[in-house]
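Coordinate inspection notes
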Amino acid sequence: MANQTKLRGAISGFGEVAARAHLAGWRTRENIAIGAIHDPISERRHEAMRLIKNVRVYDDLELMLDGEAPDFVDVASPPGMHHAAARAALRAGAHVLVEKPLALTLADFDELAAIAAEKRRVLMCVHNWKYAPAYAAARRAVEAGRLGEIRFMSIDRLRTEPAGAGGSGGKWRASAASGGGILIDHGWHVFYLMYWMLGGASPVSISARLESPAGVDVDDVADVRVGFGAGRVARAHLSWRAPVRRTSAVIYGERASIEIEGDRVRLTDRSGKAEDLSVADIPDDSYHSAWFGGVAQEFERAVSGGSNSAVAVAAGNLAEARAALAIIDAARQSAVNNGIEINIP
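Described below are features of the structure shown in this document.

About the criteria used
Residue numbers run consecutively from 1 along every chain, following the written order of its sequence. Local features in this predicted model are restricted to residues of pLDDT 70 or higher, and side-chain atom pairs are both shown and tallied only at a pLDDT of 80 or more, whereas totals for entire chains, interfaces and linings draw on every residue. The basis for the side-chain values is all heavy atoms of the structure; hydrogens and waters are excluded. Helix numbering and strand numbering both begin at the N terminus, where a helix is a DSSP run of H or I of at least 4 residues and a strand a DSSP run of E of at least 2. To get an axis, fit a line to the C-alpha atoms, keeping to the stretch in contact for a helix; angles then go from 0 to 180 degrees between the N-to-C directions. The labels follow the angle: roughly parallel below 35 degrees, roughly antiparallel above 145, roughly perpendicular from 65 to 115, and oblique for the rest. Contacts are assigned to residue pairs that have any heavy atoms within 4.5 Å of one another. Classes in brief: Ala, Val, Leu, Ile, Met, Phe, Trp, Tyr, Cys and Pro nonpolar; Asp, Glu, Lys and Arg charged; the others, Gly included, polar. Relative accessibility thresholds used throughout: buried, under 20% of the residue-type maximum; exposed, over 50%; partly exposed, between the two (1.4 Å probe, protein chains only). The arc in question is traced by the directions running from the helix axis to the C-beta atoms. Nitrogen and oxygen atoms within 3.5 Å of one another constitute a polar contact, given that in protein one can donate a hydrogen and the other can accept it, and given that sequence-neighbouring residues count only through two side-chain atoms. Residues grouped as a nonpolar core are buried Ala, Val, Leu, Ile, Met, Phe, Trp, Tyr and Cys residues, joined through side-chain atoms within 4.5 Å.

Below, the discussion takes up the environment of Glu 47. Looking at the element boundaries, Glu 47 is found in helix 2 (residues 42-51). In sequence terms Glu 47 and Gly 179 are 132 residues apart; their C-alpha atoms lie 25 Å from each other.

This is the structure we're talking about:
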């Protein structure tokens with residue numbers, strides 16, 4: 001690929017996640033060049049000029065799309081802006097990668113997917129936790145059949161406060177209109193991981209309870225149970241009220257179980273024999289810049305095309321994203337009905 005013409009990329013929304021994670025990931029791809037940045041906030045445009053040599057900056061997305069005609073756009077703005085930005089970029093003929101969530105409603109999601117299909121453009125969502133070494137190691141064990149048929153998965157995401165609290169990231173996470181709340185912010189990751197780890201099994205039912213602080217219109221605690229058919233069950237507890245930061249998971253099947261605690265991974269079989277599957281990782285933080293390189297590689301592969309596997313990459317990512325959004329949508333319906341179990345269409 002070294003002799004290929006570089007893909008010309010642009011980023012829409014140059015906040016902390018773009019500056020601290022996405023940009024570093026794009027720079028690991030030798031055949032990608034980020035040449036333009038869109039952000040309505042002048043301080044962020046100045047930060048882009050400081051970080052990217054000869055970058056061109058815009059305060060208007062349509063002007064950037066018209067003036068640059070980029071091969072792809074990385075949408076890294078707050079969630080409430082994702083749908084409009086992705087739609088504009090797709091209609092302009094660009095491939096699009098969207099920071100999670102890809103959309104806030106199933107109707108918006110389906111509209112974007114339809115435009116992408118019509119324009120023959122790649123549309124994908126940033127599912128960076130698949131590239132966390134711990135979860136990648138667990139997935140390899142599952143794929144190798146070491147756990148047998150999977151029966152249960154549990155994920156806990158405990159945080160003392162939202163990421164970016166006190167800054168611009170904290171503001172949108174605390175606003176329903178901007179797409180905030182822990183169910184979107186952390187639940188999206190958790191639910192695509194469930195779908196992925198269970199081999200693409202569709203969610204069929206859910207019960208959920210959500211809690212919000214007094215006077216706040218977004219959830220900061222979520223307790224969710226999801227049925228995936230064939231008796232398989234997954235659960236998640238998400239909290240911004242925890243006294244400590246913790247990320248953990250348990251997966252078990254008929255032959256063995258896997259426990260994930262931070263970056264430590266332990267497989268234990270039926271005889272009680274334990275094996276350490278841990279892979280070294282950088283310290284856990286809110287931006288996970290090291291993982292975005294894997295996302296960038298996957299997106300570049302999908303855009304470059306030329307094989308059935310490249311097409312499958314994009315299709316698989318969209319399936320993960322739609323499953324995550326369907327679970328979130330159904331969780332809210334369950335929560336307003338006192339946590340009753342409901343079917344997921």
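Before going further, it helps to spend a moment on the packing of helix 6 (residues 133-143) against helix 9 (residues 187-197). Direction vectors running N to C along helix 6 and helix 9 enclose 25°, while the axes themselves pass 10 Å from each other. In terms of their interaxial angle, helix 6 and helix 9 are classed as roughly parallel. Together, Tyr 135, Ala 136, Ala 138, Arg 139 and Val 142 of helix 6 and Leu 193, Trp 196 and Met 197 of helix 9 make up the contact between the two elements. Looking at the contact of helix 6 with helix 9 residue by residue, the class counts come to seven nonpolar, no polar and one charged.

Before going further, it helps to examine helix 3 (residues 61-68). Restricting attention to buried positions, one finds in helix 3 the residues Leu 61, Met 64, Leu 65 and Glu 68. Projected onto a plane normal to the axis of helix 3, the buried residues spread over an arc of 95° and lie on a single side. Among the exposed residues of helix 3, those pointing more than 90 degrees away from its buried face are Leu 63, Asp 66 and Gly 67. The secondary structure elements touched by the buried residues of helix 3 are strand 1 (7-12), strand 2 (32-38), strand 3 (56-58), strand 4 (72-75) and helix 4 (82-91). Between the side-chain oxygen at the start of helix 3 and the backbone nitrogen of Glu 62 there is a gap of 3.0 Å, and the oxygen is on Asp 60. Just past helix 3, the residue Ala 69 takes up positive phi, approximately 45°.

What follows is about the nonpolar core. Counting 78 residues, the largest nonpolar core has Leu 102 and Tyr 135 as the members making the most contacts within it. Here the element with the most residues in this core is helix 11 (residues 308-335); it accounts for nine residues. Excluding its chain neighbours within four sequence positions, the residues that come into contact with Tyr 135 are Trp 129, Leu 193, Trp 196, Met 197, Thr 247, Ser 248, Ala 249 and Ile 260. Residues Ile 37, Ile 52, Phe 292 and Val 303 belong to the second largest nonpolar core, which totals 27 residues.

The next subject is the side chain of His 82. Tracing the chain through its elements places His 82 in helix 4. Judged by its relative accessible area of 0%, His 82 falls in the buried class. Within the structure, His 82 has its side chain in polar contact with the backbone oxygen of Glu 99 (distance 3.1 Å).

Next up on the list: unusual backbone geometry. For the peptide bond that leads from Lys 100 to Pro 101, omega is -5°, which places it in the cis range. With respect to the element layout, Pro 101 can be found in the loop between strand 5 (95-98) and helix 5 (106-119). Here the phi dihedral of Arg 120 falls at roughly 55°; this positive angle occurs in a residue that is not glycine. Despite not being glycine, Asn 338 shows a phi value in the positive range, around 60°. Residue position: Asn 338 is located in the loop between helix 11 and strand 15 (342-343). Assessed through its relative accessible area of 61%, Asn 338 is described here as exposed.

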